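Close look at the chain arrangement
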Amino acid sequence: MEQYAAYSQKYSAGIWDMSVDFDGSMSMMGAPITLEGSAAGTVADATRMSMDMGMTMDMLAFMESMYAMAAAEGQTSGSLSAEDQAMAEALAAEGVSMSLRGDLDSGTLYMNMVFPASFQEEAGMDPDVWYSMDLNASLAEMNMDFSQLVELSKSPDRDGLIQLLLGSAELTSVSDYGEIQAAVNAVASALADESFVRNGSDCTLDLSLPLSGTGSAQSTFTLTTRGDEVVGYRMTISMAEESKLAMDMTVSMDEADQMEARISMNMMDGLIAMELNMAGGYARGSAAPETQPPAGAVIVPLEDMTASLPE
């Protein structure tokens, strides 16, 4: 695991440009929503960042299905309103865009969001406004120290991370302590070097964990090595919990800094289903990211914006 810890620091030093394309779908009671988009940005020393994302969504079939279901209950006429029809068409054609800038050392992120004009006006959102997020305050509400978390991300320390997470746990009895101690010991044992099986340049770890009831989770983590160095990885996770939840996820990064990911999820025997595919990569960059909104931009705390949204 020491070699993997060293590999994970590869993208934490210097300037890296990143890009990713994605597509996916979601359905609720068989009514589908599809989406596709892309994102590109720059990260410097794993703390300073800027990113721009654009995404379109086809929600027409979903909205028509929801209207039909409401009509069956006598709540609507069964036909989309002109406003909802226009909204669905705008989301499919124009989509939404988002820009993100920030510096994790300061604990502040800035976000600008642009939606179709009709939605933007109804929500009272200004497309030129940037919204700020105070990560220090957000994690403090969960009894976690954000600055400590950032420091750990720069130089992974397994013991330090465990201490940070345990510091936020609420222990109310001796049995609570015993359960946490057993869980920590089990994870530490599973991640020991001797738990990996080598096959050529690949080192693989297989894990199986019980979930509540009759559920279980299986994970395979494969490190690709060159000599004594880790140069890539592939991780798969499958979990199922009776008829409540089934999930499969695969994430990989190769030696050329190219990433692929896929996740599929099925809840309550297909009542809700989701699938997301991503492909992208990293390349060494030369220009540092912009971490602040443009000069003169209006900045509003995110909590002020969410409080003003229509219910």
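So, a few notes on the structure that sits alongside this text. None of the values given here were measured: they were computed from a predicted structure.

This part covers the overall build of the protein chain. A tally of helices and strands in the protein chain yields nine helices and 14 strands. In the protein chain, which comprises 311 residues, the share counted as buried stands at 32%. For the protein chain, restricting intrachain contacts to residue pairs at least 6 apart in sequence, the fraction spanning at least 24 positions comes to 48%. Carbon and sulfur atoms form 55% of the exposed surface of the protein chain, whose accessible area is close to 18,000 Å².

Glancing now at the packing of aromatic side chains. Here the structure, examined in full by the defined rule, presents six aromatic pairs. Measuring from centroid to centroid gives 6.5 Å for Tyr7 and Tyr11, while their planes differ by 80°, and the two rings are edge-to-face. A relative accessible area of 15% means that Tyr11 is categorised as buried. Ring geometry for Tyr11 versus Trp16: centroids 4.9 Å apart, planes at 65°, classification edge-to-face. In this structure, Tyr11 and Trp16 share a single accessibility class: buried. Ring pairs connect the aromatic residues Tyr7, Tyr11, Trp16, Phe221, Tyr233 and Tyr282, which therefore count as one cluster.

Another aspect to go through is the packing of helix H2 (residues 60–72) against helix H3 (residues 82–93). Angle between the axes and distance between the axes: these two values describe a pair of packed helices. Orientation of H2 relative to H3, taken along the N-to-C sense of each, is 155°, at an axis distance of 9 Å. In terms of orientation, H2 and H3 fall into the roughly antiparallel class. Facing H2, whose interface residues are Leu60, Met63 and Tyr67, H3 presents Asp84, Gln85 and Ala88. When the residues that make up the contact of H2 with H3 are grouped by side-chain class, the tally is four nonpolar, one polar and one charged.

Topologically, Pro210 is positioned in strand S8 (residues 202–210). Its relative accessible area of 70% is what places Pro210 among the exposed residues. Filtering out sequence-adjacent residues up to four positions away, Pro210 remains in contact with Gly215 and Ser216.

The next point concerns the pattern of salt bridges. The full count for this structure, using the stated rule, is four salt bridges. Note that Asp257 is salt-bridged to Lys10, the shortest N-O span being 2.6 Å. Taken together, the residues span a long stretch of sequence, with Asp257 in the loop between strand S11 (245–253) and strand S12 (258–267) and Lys10 in the loop between helix H1 (2–8) and strand S1 (15–28) at a distance of 247 residues. Given a relative accessible area of 12%, Asp257 falls into the buried group. On the basis of relative accessibility, which here comes to 28%, the residue Lys10 falls in the partly exposed class.

This part covers the pairing of strand S10 (residues 229–241). Of the pairings in the sheet, the one linking strand S9 (residues 216–226) to S10 comprises 11 bridges and is antiparallel in character. Among the inter-strand pairings, Thr220 is bridged to a residue of S10, identified as Thr236. Hairpin remark: S9 followed by S10, antiparallel, with two residues in the connecting loop; positive phi at Gly227, about 65°. Examined bridge by bridge, S10 and S11 share nine bridges and lie antiparallel to one another. Along S11, the bridge assignment pairs Tyr233 with Met253.

This part is about H3. Spanning 12 residues, H3 covers 16 Å between terminal C-alpha atoms, matching the ideal 16 Å at 1.5 Å per step. Along H3, the positions that sit buried rather than exposed are Met87, Ala88, Ala90 and Leu91. Looking straight down H3, one finds its buried side chains confined to an arc of 165°; they lie on one side. Across H3 from its buried face, at more than 90 degrees, point the exposed residues Ala82 and Ala93. Taken from the residues just after H3, Gly95 is the one with a positive phi, measuring 70°.

Criteria and thresholds
Residues numbered from 1 in each chain as written. Predicted model: local features only at pLDDT ≥ 70, side-chain atom pairs only at ≥ 80, totals over all residues. Heavy atoms only, no water. Helix = DSSP H or I, 4+ residues; strand = E, 2+ residues; numbered from the N terminus. Buried < 20%, exposed > 50% of the residue type's maximum accessible area, 1.4 Å probe, protein only. Contact = heavy atoms within 4.5 Å. Areas by Shrake-Rupley, 256 points an atom, 1.4 Å probe, with all protein chains shown as cover. Phe/Tyr/Trp six-rings, centres within 6.5 Å; stacked < 30°, edge-to-face > 60°. Axes fitted to C-alpha atoms, helices over the stretch in contact; angles between N-to-C directions. Parallel < 35°, antiparallel > 145°, perpendicular 65-115°, else oblique. Nonpolar A, V, L, I, M, F, W, Y, C, P; charged D, E, K, R; others polar. Salt bridge = Lys/Arg side-chain N within 4 Å of Asp/Glu carboxyl O. Pairing = 2+ DSSP bridges. Expected span 1.5 Å × (residues − 1). Arc of directions from axis to C-beta.

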